[in-house]
Structures are given as C-alpha cells and as structure tokens.
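Survey of secondary and tertiary structure
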Amino acid sequence: LVTVLQSLVGPFAPFSATRAMSVGSAVLVTVDIKADRIDDFLKAMEQDAAGSRDKAIDPGCLRFDLLRDRDNPNRFVFYEAYTDDDAVAHHKTTAHYKAWADFKATGGVEKQSVEKAESASLPPWAFQTGATGSSTSATVLVTVDIKADQVENFLKVMEADASNSRN
C-alpha cells in the first residue's frame, strides 16, 4: 500500500508548470500540548514559523504551516516542506528551530508523532508552489492507503482535482 497525504488549504493559485518543483523532504508533526503551556508553545512556534519562512535564514524551507485541531484545542499539526534532507538538517541548526526544541525540552509536549513524506516521486502538479492569494481558516488533511494496483488511477483523479481546484 502507498500512503498519500493531500492537504487542501483554501482556494489554490493557478497552476503553472514553470513553477513546478518537488519536495525532497516533508514532515507532518502532530503534537498534543499541555493546556497550561499553549501560550508558551505559540510564542515558540511564532519564532520557528517566522524564521523558517525567511529565505535568508532557512533557504531550503519551502513551506511551514502551523494548524490547530478543531476538535482538540491542545492538538496542533505542523506541515513543513524542504528542498531536500540537507535543508532539514540545516533547519535543525537554526535559532528559530531551537525555540521549538527548547519548548519541547521543558516538558510542554504531552504526545508527538511525525510522518515523513516527499513529492519528488510524484508528477509536478502534486506540490503547490504558489501562494493562494488569500488566507484560510479551514484545512483538511487526508491520509489514505491506496492499493498498489490503483496508484496510477488515484494519481489521475488527484491531478484532475488539483488542477481544477486551482482554476
């Protein structure tokens, strides 16, 4: 079985093959934060997100999003996309990453899971490289297991969905 992650975040910008690139390394981190530590967590994540999005500081970071679970206000998801594993390694040496690592070291995280992914093995349409042009207040993260003999059909359906949602 192949696991595929699809993240739909508001309206998409028009797709252009000239903007196509792939993600060499991505992580989807889910954390449960102690209720009395939410403010500290958000301060640390503000530093991590701002530094990650600064190309002068973290040039290999393509995307850094922090999301909050609608049903559990203490659960957060970060979605991070990098050009390659070297970019991830560099990210972990930065002061903004240290803000997150220091928070974690203080015991504010009750539970954490990490899923690793990439898009280099997928067609160019699979990774959105442009801004949507608007902010969003809703995100849907879908993880599905696809039978090996259905992967090609699944990718065709996802290409149509991704391409049409960007128009």
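A brief look at the structure comes next. Keep in mind that what you see is a predicted model, and the values were worked out from it rather than measured.

Bringing the sheet that holds strand S3 (residues 61–68) into the picture now. Reading across from one edge, S3-S4-S2-S5 is the order of the 4 strands in this open sheet, with antiparallel pairing throughout. Of all strands in the sheet, those with a lone pairing partner are S3 and strand S5 (109–117), marking the two edges. Within this sheet the neighbouring strands show an average axis-to-axis angle of 15°, counted without direction. Its contacts with the sheet put helix H1 (residues 38–52) on strand S2 (25–33), S3 and strand S4 (75–82), and the angle it makes with S3 is roughly 160°. In this fold helix H3 (residues 95–105) packs onto S2, S4 and S5, with an angle of close to 140° to the strand it touches most, S5.

With that out of the way, let us pick up the pairing of S2. The side chains of a regular strand alternate, residue by residue, between the two faces of the sheet. Most of S2 is tucked away: 8 of the 9 residues are buried. As defined by bridge partners, S2 adjoins S4 across 8 bridges and the pair is classed as antiparallel. Note on S4: the bridge partner recorded for serine 25 is tyrosine 82.

The next subject is H1. Residues that lie three or four places apart on an α-helix share one face, since the helix turns once every 3.6 residues. The end-to-end C-alpha distance of H1, which contains 15 residues, comes to 20 Å, matching closely the 21 Å that a straight helix rising 1.5 Å per residue would cover. Those residues of H1 that fall on the buried side of the exposure criterion are Ile38, Phe41, Ala44, Met45, Asp48, Ala49, Gly51 and Ser52. End-on, the buried residues of H1 take up no more than an arc of 165°, which puts them together on one face. Summarising the geometry of H1, the exposed residues directed more than 90 degrees from the buried face are Asp39, Lys43 and Glu46.

For the rest of this paragraph, the subject is H3. Buried within H3 we find His96, Ala99, Trp100 and Phe103. The buried residues of H3 all sit within an arc of 90° when viewed along its axis, so they share a single face. In H3, those exposed residues whose orientation departs by more than 90 degrees from the buried face are Ala95 and Ala105. Those residues of H3 that are buried lie in contact with S2, H1, S4, helix H2 (85–91) and S5.

In this structure the tally under the stated criterion is 5 salt bridges. A salt bridge links arginine 37 to aspartate 40, with the nearest nitrogen and oxygen atoms 3.0 Å apart. With relative accessibility at 35%, the residue aspartate 40 sits in the partly exposed group. Glutamate 152 is the salt-bridge partner of lysine 156, the closest N and O atoms lying 3.7 Å from each other. Taken together, the positions of lysine 156 and glutamate 152, both in helix H4 (residues 151–165) and 4 residues apart, correspond to about one turn of that helix. Classification of glutamate 152 by relative accessible area gives exposed; the value is 56%.

Residue position: glutamate 80 is located in strand S4. Within the structure, glutamate 80 has its side chain in polar contact with the side chain of tyrosine 82 (distance 2.5 Å). With residues up to four places along the chain from it excluded, the contact list for glutamate 80 reads Ser25, Ala26, Val27, Val29, Arg63, Phe64 and His91.

The next thing to look at is the packing of aromatic side chains. The final tally for this structure, using the stated rule, is 7 aromatic pairs. Residues phenylalanine 78 and tryptophan 100 carry aromatic rings whose centres are separated by 5.1 Å and whose planes lie at 90° to one another, so their mutual orientation is edge-to-face. Here phenylalanine 78, found in strand S4, pairs with tryptophan 100, found in helix H3; they are 22 residues apart in sequence, far enough to count as distant. Both residues of the pair, phenylalanine 78 and tryptophan 100, belong to the buried class. Ring pairing ties together the aromatic residues Phe41, Phe64, Phe76, Phe78, Trp100 and Phe103, which thus form one cluster.

Here we come to the environment of aspartate 58. Locating aspartate 58 in the fold gives a position in the loop between H1 and S3. The exposure class assigned to aspartate 58 is buried, which follows from its relative accessible area of 0%. Once the C-alpha coordinates of aspartate 58 and valine 88 are considered, the two residues, 30 residues apart in sequence, prove to be 9.3 Å apart. With residues up to four places along the chain from it excluded, the contact list for aspartate 58 reads Gly51, Ser52, Ala87, His90, His91 and His96. Reaching out from aspartate 58, the side chain makes a polar contact with the side chain of histidine 91 at a distance of 2.6 Å.

What counts and how
Residues numbered from 1 in each chain as written. Predicted model: local features only at pLDDT ≥ 70, side-chain atom pairs only at ≥ 80, totals over all residues. Heavy atoms only, no water. Pairing = 2+ DSSP bridges. Helix = DSSP H or I, 4+ residues; strand = E, 2+ residues; numbered from the N terminus. Axes fitted to C-alpha atoms, helices over the stretch in contact; angles between N-to-C directions. Contact = heavy atoms within 4.5 Å. Buried < 20%, exposed > 50% of the residue type's maximum accessible area, 1.4 Å probe, protein only. Expected span 1.5 Å × (residues − 1). Arc of directions from axis to C-beta. Salt bridge = Lys/Arg side-chain N within 4 Å of Asp/Glu carboxyl O. Polar contact = N/O pair within 3.5 Å; in protein donor to acceptor, adjacent residues only side chain to side chain. Phe/Tyr/Trp six-rings, centres within 6.5 Å; stacked < 30°, edge-to-face > 60°.

Everything listed here is a matter of geometry and, on its own, says nothing about what the molecule does.
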